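Architecture and fold: a report
One-letter residues, chain by chain:
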Amino acid sequence: MTKISVVLASRNETAMLCMTVLSAVEAIKESGVSGEIVVVENSDEDVHLAAVDCIAGQIKEGTVRVVRLENPSIAKAIHLAHEEAKGEFLFYTDAHTLIGYGTLSALLDFHKRHEGEPIGFVHAPIQWAHRSSATKRTHLNVKRTPLGEWAGAVPVEKESMISWKGMPYMIRKSVWTDIGGLGCCAEHNLGWGVLPYLGMKTWILGYENWAIPDGVVYHFGEWPERVRPHAKYRTYSNSGEKPGLARAVALYVFGGEDGLRQCFENDRLERFFKSPDEVMERVRSVAEEERKMVLQRQVRSFRSLYENPPWNMTPELLSPKYRDLNSELHRDGQVLYGYKGWEQADLAESLYRKYECASALDYGAGKQSLSNEMRRRGIEMADYDPAIPHISSLPNPADLVVCSDVLEHVEPEYFIRVMNHIRSLTGKCLLVRVCLVPCTSKTLPDGSDPHRIVKDQEWWLNALEKGFDVREIHESSDKYLTVSLVPN
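Residues numbered from 1 in each chain as written. Predicted model: local features only at pLDDT ≥ 70, side-chain atom pairs only at ≥ 80, totals over all residues. Heavy atoms only, no water.

Looking now at the nonpolar core. Of all hydrophobic cores here, the largest spans 57 residues; its most connected members are Y169, V249, L260 and V283. With 10 residues, helix α10 (residues 245–262) is the largest single contributor of residues to this core. Setting aside chain neighbours within four positions, we find L260 in contact with A248, L251, Y252, L269, V279, M280 and V283. Core analysis: the second largest hydrophobic core is formed by 30 residues, I28, I37, L107 and I212 among them. (Core = buried A, V, L, I, M, F, W, Y, C linked by side-chain atoms within 4.5 Å. Buried < 20%, exposed > 50% of the residue type's maximum accessible area, 1.4 Å probe, protein only. Helix = DSSP H or I, 4+ residues; strand = E, 2+ residues; numbered from the N terminus. Contact = heavy atoms within 4.5 Å.)

In this section: helix α12 (residues 320–331). The terminal C-alpha atoms of α12 lie 17 Å apart, and with 12 residues this matches the ideal 16 Å at 1.5 Å per residue to within 8%. Buried residues of α12: Y322, R323, L325, N326, S327, L329 and H330, and no others. (Expected span 1.5 Å × (residues − 1).)

Throughout the structure, instances matching the rule amount to 25 salt bridges. Between E349 and R377 there is a salt bridge, with the nearest N and O atoms lying 2.7 Å from each other. Separated by 28 residues along the polypeptide, E349 in helix α13 (residues 345–354) and R377 in the loop between α14 (369–376) and β13 (382–384) bring together distant segments of the chain. The class for E349 is buried, based on a relative accessible area of 19%. Among the residues examined, R377 registers a relative accessible area of 25% and is labelled partly exposed. Across the salt bridge formed by E373 and R377, the nearest N and O atoms sit 2.9 Å from each other. Salt bridges sharing common partners tie together D346, E349, R353, E373, R376 and R377. (Salt bridge = Lys/Arg side-chain N within 4 Å of Asp/Glu carboxyl O.)

Take unusual backbone geometry next. With omega at 0°, the peptide bond leading from M167 into P168 counts as cis. Topologically, P168 is positioned in the loop between β8 (160–162) and β9 (169–172). Phi is positive for E356, close to 50°, though the residue is something other than glycine. Mapped onto the secondary structure, E356 falls in the loop between α13 and β12 (360–363). You will see that D405, though not glycine, has its phi angle at about 55°, which is positive. Assessed through its relative accessible area of 22%, D405 is described here as partly exposed.

A word on the pairing of strand β4 (residues 89–94). For β4, the tally of buried residues reaches 6 of 6 residues, placing the bulk of the element in the interior. Neither face of β4 is exposed, since F89, F91 and T93 on one face and L90, Y92 and D94 on the opposite face are all buried. Sheet topology note: the strand β1 (residues 4–10)/β4 ladder contains 6 bridges and is parallel. Across the sheet, A9 pairs through a bridge with D94, a residue of β4. (Pairing = 2+ DSSP bridges.)

Before going further, it helps to spend a moment on the confidence of the model for the chain. Here the chain averages 82 in pLDDT, and 83% of its residues register 70 or above. In this model residues 134–152 is a low-confidence stretch, pLDDT under 50, and it forms 54 contacts with partners more than four residues away in sequence or in other chains. Ignoring residues within four places in sequence, the model shows residues 233–237, a span with pLDDT below 50, making 16 contacts including any to other chains. (pLDDT = per-residue confidence, 0-100.)

So, about α13. Among the residues making up α13, those that are buried are A345, L347, A348, E349, L351 and Y352. Against the buried residues of α13 lie β12, α14, β14 (398–404), β15 (426–435), β16 (468–476) and β17 (480–487). The first or second residue beyond α13 is E356, which carries a positive phi of 50°.

If you walk across this open sheet you meet the 8 strands as β3-β2-β1-β4-β9-β6-β10-β8, and the pairing is mixed. The open sheet has two edge strands with one neighbour each: β3 (64–67) and β8. Neighbour to neighbour, the strand axes of the sheet diverge by 25° on average, direction disregarded. Examined bridge by bridge, β8 and strand β10 (residues 208–211) share 3 bridges and lie antiparallel to one another. Pairing of I162 across the sheet is with N209, part of β10. (Axes fitted to C-alpha atoms, helices over the stretch in contact; angles between N-to-C directions.)

Put into structure tokens, the structure is as follows:
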């Protein structure tokens with residue numbers, strides 16, 4: 001079986017195509033695995049002929065095959081190329097990029113090391129070879145849109161789980177099949193905004209999307225000012241659908257009508273549609289079936305999609321059985337459980353003032369003794385604990401997040417999700433205290449140890465540094481590690 005299919009997409013832009021194909025040939029060779037190159041060349045007829053001439057040699061040799069549809073939109077052609085790809089893994093990028101040395105090897109190695117885990121997309125870093133004002137606006141100002149970070153917006157310095165992302169990516173063919181590929185975006189030939197939508201889709205359906213620091217893809221061509229006179233696709237004047245429609249589809253599929261209307265201005269859809277009513281009329285007709293499919297396949301925590309748009313949501317953080325066990329133990333007035341938070345008040349107050357924080361959160365608050373003590377000191381602190389009903393609602397982000405004697409209680413299979421959640425909530429500083437040994441003072445109602453993760457300091461520091469940088473180790477012993485960190 002072919003190990004990898006490299007899919008390159010092009011529409012009305014040929015300048016980089018030949019070089020990109022050659023970089024793909026070298027990348028497959030360097031990876032040491034069997035591979036194929038699939039070029040999605042969906043340009044207008046005259047441009048298409050010129051593009052095929054550029055890679056005629058590779059086509060004749062059988063190194064490259066071309067996918068083309070008689071339709072101006074590229075989305076369905078990209079979908080078809082993925083569907084027809086023969087590789088166990090699919091790697092996708094644009095035809096105006098170069099695949100750097102070691103990129104495919106690094107992505108394949110990640111998949112191998114995480115065999116059996118729910119991996120969706122694994123993204124290589126993208127290096128922009130230009131800095132037009134549009135690029136800066138689109139890729140650097142990521143806070144303006146709930147669709148999350150675009151590739152290249154944040155430097156990738158270590159492996160980290162992300163909610164969603166665009167290209168370049170590698171995905172298993174079996175996962176592509178399981179999620180239904182581009183879905184409604186392909187079926188209705190929507191062009192722009194498809195890839196962030198696809199990244200969202202894998203995440204919502206329970207897969208983890210990762211960014212890794214190894215390898216790089218180099219992006220050429222300014223977008224769109226300097227290209228406007230030369231490339232019709234790059235200005236979306238002939239892409240088959242109104243620009244921004246696929247992004248609106250994503251907002252509707254995952255947030256419903258309320259989510260789409262809420263984000264009409266924030267996501268700058270007013271550039272493409274006269275009113276929220278106009279975009280709703282267009283979107284509902286193409287996206288309702290996809291919305292139903294996604295809702296039918298949610299894990300339990302996403303059943304409230306109609307009430308909560310996805311950018312305010314998080315995956316399940318603990319199993320229902322484990323939640324019930326912890327809740328039962330908290331209700332037992334004879335057991336001292338989750339009552340020591342107040343012991344971190346001095347350090348929490350010091351960090352709150354050091355980092356000039358305006359808000360604070362106790363993550364895994366237990367008996368809420370820390371927030372009570374902080375309020376006594378004049379600092380308001382919110383409480384969150386998924387096992388205690390009256391403080392189990394998802395919290396708002398805070399400048400200071402305290403997570404004391406909590407992480408060792410997390411089920412190992414949920415640890416990555418919990419850390420990703422904490423990372424999304426932490427504004428300026430995170431204070432963590434973990435116990436490094438089994439619990440000797442109590443057991444859960446089923447007789448099991450409430451410390452689900454028992455690891456040494458090195459393991460904990462490596463785990464924490466996937467989303468944070470260590471600023472200071474405050475306590476280090478055979479039993480406890482206390483450390484303050486900042487988001488990286």
